[in-house]
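# Close look at the chain arrangement
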Amino acid sequence: MSYFYSRLCVVNCCRVFLLACLLFVCGALQAQTPTPPAAATVATAAATPAPKRQLQAVRITEAIKLDGQLDEAIWQQAPIATDFIQNRPNPGPHEKHPTEVRILYDDANLYIGAVMHDVAQDSIMRELSPRDDAGNTDFFGIFLDTYHDKINGYGFIVTTGGVQMDSRYSPAGGEDFNWNAVWDARTSMRGTDWIAELRIPYSAIRFSNASEQLWGLNFMRQRKRDNQAFFWNEVKPAVDGFVNQWGELRGLRDIKPPLRLSLTPYVSAYVNHYPYNEQGTRNTSTSFNGGADVKWGINESFTLDATLVPDFGQVQSDNQVLNLSPFEVQFQENRQFFTEGTELFNKGNLFYSRRVGATPIGFGNVDGQLRQGERGPDGPRRPGEAVVSNPGVTRLLNATKVSGRTKQGLGIGVFNALSNDVYATVRDSVNGQQREVLTQPFSNYNIMVLDQSLKNNSYVSLINTNVTRWGSTYDANVTGGLFRFANKKNAYAIDGRLVYSRRRGTVFGSEQQIDDQDGYKYQIGVSKISGNFTWQVGQGIESDKYNPNDLGILFGNNNISQFVNFSYNKYKPFWKVNNFYSWWSLNHSLLYKPTRYQNANIAAGFNSTFTKNFLTVGANFDANPVTHDYYEPRQYPLGDYHVRVPANANLGGFASSDYRKKLAWDVNAGVRWYAQDERLVRPRRMGYGWAISPRYRVNNQLNFRYSLDWNLRQNQIGYVNGDLNTSLPDDADFRRNYPTDVLLGRRRVLTVTNTLSGAYTFNNRMSFTIRTRHYTSTVTYRDFARLGTNGQETLVDYRRNRDNTFNAFNVDAVYSWWFAPGSQVSIVWKNASSSFLEANEATPLYFNNLNNTINTPHNNNVSIKILYYLDYLMLKRLGSRS
């Protein structure tokens, strides 16, 4: 009876919370002081999109020499786009130093010529940087919405030094600079002006085959000396969306989408050295690889991208950390094939690309399949098997993606990848015989997406992800529907999603059936999306069986959550600042099954930039009543065990100086206070953290950046059960006396991260970068407790030393030379080591850990990779000339 009564109370509390939030929103809106008519007019104008400007393109028949001079006579005959309007730091004013842009086109390319007037050459900032990195420089950019759907677009940007940047724009990906196209640009200085000349092949973009084209168009200029950004068609910060605020490009007639067919073969060579120093084991190994990337324009709308026998050995190393949480670490995706042009596949956040080619699902179970040592009948012990090799990644055979959008605004995406069997090798210690243990079966990964763009920045989408594994294991399928509908004025919107997950089969290497076969998730929200004041109210559920993690990522299911968010921003300068951004949020969460309270939260924050020195500052605050953490005990199904976290509050802040200065810096700090837990005689929990990151620009080619991050958690309570060894007395006693309960430890966790990076850019196509990172985290236990049901803790006399220290060290040095459009030579050196120290070896002293890291064996890897871009149209033109 008490269980059902408590469940009813929790549900009623949830309803009261939601009702209170809604009343708060309504009351806040009604309680606002009536806005004076003049102010109301200004506010309405700020949230109303600017009128659409138009520019006429001019067809040419003679060739244009791409040299950054604009000295062909035809440039002077084209209409001019000028009178740009400032977007930051003060939205609204017209530019004082004019920008003049013209557009020409022929049957193969779009040509853009831009003249940026200024007062003097020393007013034009021109730092060199690697591709897709603006650095401390002026730049010019053109944005194209080739289907004029006002949602999806392309960006092509060039800096004063000729460094190219390109990006895609979409509701799912936002501004995505991971996308790379093959195009060209040249820049030059002329008196007090600088000039940019761009050539964008039609093969770099997609558009319909209509005889007369209407494209969305905008231009952007950054004048870094004054930290100003301008757009040709005004982009208002108070208006929701970016692509929908562009102007129009007219006059494109009788251009046809070309046959987009390119092949980028590669060859690579690796030399790897690790000091095994074991007889019969070589310290140095070599490998050679070859493969290719293929890009084929199936028609004017859709493109096939495929990578055959891919090689990802040169991507930046992951930032390894000591993970004490019950959830996995989410690593950044650095493989270009999985970051480029994937905005459709990222719809709904159901695709975590690191699953493709990830650690084999049986990687951690090899030890359990070894023949253990045993004592023979005559007394001597017979050794068992040992692991010789256990690959930590799954090598892909190929990966293919087809994506595009029709002229009716329907986006279609299909992704597929294949990985081969992966085996660990084990050796019998008696006779030396080796055998293989399957850790990952042959697998197919597939995603299909349908995304229909609608008016008013709205859309509906359908996503399906599927993982099929051969052999005796399980398959997984996830299907999700998403929508967003905004009103005609793009001021209010309703959005939502419904996702169903399905898994069938047995646990890998076992006959046990998968226990989370069917699950679901939904979320619904209503929001005000434009204007200085915006808000959102939402609610969602993730069922206890919902599991998208075979091709997606979810840290914890079994949730009922509801939230209210507010934001108030001032985009125009006032007092001594350029702008002001603020936010507030209320959050509440329940366990879905059984329905029990988890946590509640109130949070707020702001940031602003000062007008004169461009110092950006901000602060944040959050407060949490007592929290019930059902995940930390690692006991499933959830509900019987939870770790009680006392009420706590956090206060943090940051400051960032002006990056235009040679020496600039970023700092942040925060402290979290916890209420005293009166249940046991323990010191109060506390958390502290700070970070400082100075950066120094030696000149326009050389720069350095250093980052120091320090974090201390005092008297944290966490799970310790892992790695209990029944052969040790303390562990054996605990397992015997409390076979079903959880061991918790009160611990001090100190984490320090040092990162130093440098970059030297030879020219706009050649650069060298180096990044060094040392990470150390030390855990020191003070006492231990047994966790019972309902969060009860009882101190226990557990004396095994569970202290530990994790060190990780990485060096990534990269020389890159783009010797031709789309073609590259890269030479990479990687140095890596890690160590896990336990018990008496663990130390919280930083320099002891640094010394240990230096003396730990390091893996050194040097590689060279050559890519060469072969375009069918270019080869065809060369063939016709010969």
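Structure: see above.
Attention here is on the structure that accompanies the text.

Scoring rules and cut-offs
The residue count restarts for each chain, going from 1 along the sequence in the order it is written. Local features in this predicted model are restricted to residues whose pLDDT is 70 or higher, and side-chain atom pairs enter the listing and the counts only when it is 80 or higher, whereas totals over whole chains, interfaces and linings include all residues. Side-chain descriptors were evaluated using all non-hydrogen atoms of the structure, hydrogens and water having been removed beforehand. Residues enter a patch when their relative accessible area is above 30% and they make no salt bridge; the linking distance is 9 Å between like charges and 5 Å between nonpolar side chains (Val, Leu, Ile, Met, Phe, Trp, Tyr). For the area figures, the Shrake-Rupley method with a 1.4 Å probe applies, and any residue is considered shielded solely by the protein chains shown. Definition used for salt bridges: Asp or Glu carboxyl oxygen within 4 Å of a side-chain nitrogen of Lys or Arg. A run of H or I in DSSP becomes a helix once it reaches four residues, and a run of E becomes a strand once it reaches two; helices and strands are each numbered from the N terminus. What counts as a ring pair is set by centres within 6.5 Å for rings of Phe, Tyr and Trp (its six-membered ring), and what kind of pair is set by the plane angle: stacked under 30 degrees, edge-to-face over 60, tilted for all other angles. Buried residues are those whose accessible area, probed at 1.4 Å on protein chains only, stays under 20% of the maximum for their type, while exposed residues exceed 50% and partly exposed ones sit between those limits. Should the NZ of a Lys or the CZ of an Arg lie within 6 Å of a ring centre and within 35 degrees of the ring normal, that charge is described as sitting over the ring. When DSSP locates at least two bridges between a pair of strands, those strands are taken to pair. Joining through side-chain atoms within 4.5 Å is the link that ties buried Ala, Val, Leu, Ile, Met, Phe, Trp, Tyr and Cys residues into a set, and such a set is a nonpolar core. A contact between two residues is defined here by any heavy atoms of the two lying within 4.5 Å. Helix axes use the C-alpha atoms of the stretch in contact, all axes being lines fitted to C-alpha atoms, and the angles between their N-to-C directions lie in the range 0 to 180 degrees.

Here we take up a nonpolar patch on the surface. A grouping of Val267, Val271, Ile827, Trp829, Val862, Ile864 and Ile866 is seen on the molecular surface, where their side chains present a nonpolar patch of about 540 Å² in accessible area. Taken together, the elements giving at least two residues each to the nonpolar patch come down to strand S15 (261-273), strand S45 (823-838) and strand S46 (859-867). Top element by residues in the nonpolar patch is S46. It accounts for 3 residues. If you trace the backbone, Val267 turns up in strand S15.

Working definition: an aromatic ring pair is given by the centre-to-centre distance plus the angle between the planes. One pass over the structure, following the stated rule, counts 41 aromatic pairs. When the ring of Phe345 is compared with that of Phe415, the centres are 6.1 Å apart and the planes differ by 65°; the resulting orientation is edge-to-face. You can see Phe345 sitting in the loop between helix H3 (336-339) and strand S18 (374-375) and its partner Phe415 sitting in strand S22 (residues 410-419), a full 70 residues away along the chain. No difference in accessibility class separates Phe345 from Phe415, as the two residues are buried. Consider the rings of Phe819 and Tyr868, whose centres lie 5.9 Å apart with planes at 25°: the pair is stacked. With a gap of 49 residues between them, Phe819 in strand S44 (residues 804-820) and Tyr868 in the loop between S46 and strand S47 (870-871) connect regions that are remote in the sequence. Look at Tyr868 and you get partly exposed, because its relative accessible area is 41%. Among the aromatic residues, those joined into a cluster by ring pairs are Phe312, Phe337, Phe338, Phe345, Phe351 and Phe415. Sitting over the face of the ring of Trp179, Arg168 holds its NZ or CZ atom 5.6 Å from the ring centroid.

In space, the 5 strands of this open sheet follow the order S2-S4-S5-S11-S10, with mixed pairing throughout. Every interior strand has two partners, whereas the edge strands, strand S2 (58-59) and strand S10 (184-190), have only one. Note that strand S5 (residues 109-116) and strand S11 (residues 193-201) share 8 bridges and pair antiparallel. The partner of Gly113 across the bridge, within S11, is Glu197.

Let us look at the nonpolar core. Membership of the largest hydrophobic core comes to 38 residues, with the highest contact counts inside it found for Phe156 and Phe219. Where this core is concerned, the elements lending two or more residues are strand S4 (99-105), S5, strand S6 (139-145), strand S7 (153-159), S11, strand S12 (212-223) and strand S14 (247-253). Not counting the four nearest positions on each side in its chain, Phe156 is found in contact with Phe140, Gly141, Ile142, Leu144, Met165, Asp166, Trp179, Ala181, Trp183, Leu198, Ile200 and Ile205. Counting residues in each nonpolar core, the second largest holds 23 residues, with Leu344, Leu396, Ile463 and Leu551 among its members.

Attention now moves to the sheet that holds strand S23 (residues 422-428). Here we have 3 strands laid out as an open sheet, ordered S20-S23-S24, and antiparallel in their pairing. Here the strands that pair on one side only, and so sit at the sheet edges, are strand S20 (385-389) and strand S24 (434-440). Here the strands of the sheet are splayed against their neighbours by 35° on average, with no regard to which way each runs. Alignment of S23 against S24, held across 6 bridges, turns out to be antiparallel. Paired with Arg427 across the strands is Gln434, a residue of S24.

Okay, the environment of Trp817 next. Along the polypeptide, Trp817 turns up in strand S44. Owing to a relative accessible area of 36%, Trp817 belongs among the partly exposed residues under this scheme. C-alpha separation for the pair Trp817 and Phe312, spaced 505 residues apart in sequence, amounts to 18 Å. When sequence neighbours within four positions are dropped, the list of residues in contact with Trp817 reads Arg765, Met766, Ser823, Gln824 and Val825.

In this section: the pattern of salt bridges. Under the criterion given, the structure shown has 38 salt bridges. Measuring nitrogen to oxygen at the nearest pair gives 4.0 Å for the salt bridge that ties Asp184 to Arg199. With a gap of 15 residues between them, Asp184 in strand S10 and Arg199 in strand S11 connect regions that are remote in the sequence. Note that Arg250 is salt-bridged to Glu248, the shortest N-O span being 3.0 Å. Given the relative accessible area of 11%, Glu248 is considered buried. Each of Arg644, Asp677, Arg679, Arg682, Arg746, Asp783 and Glu793 takes part in one network of salt bridges that share partners.

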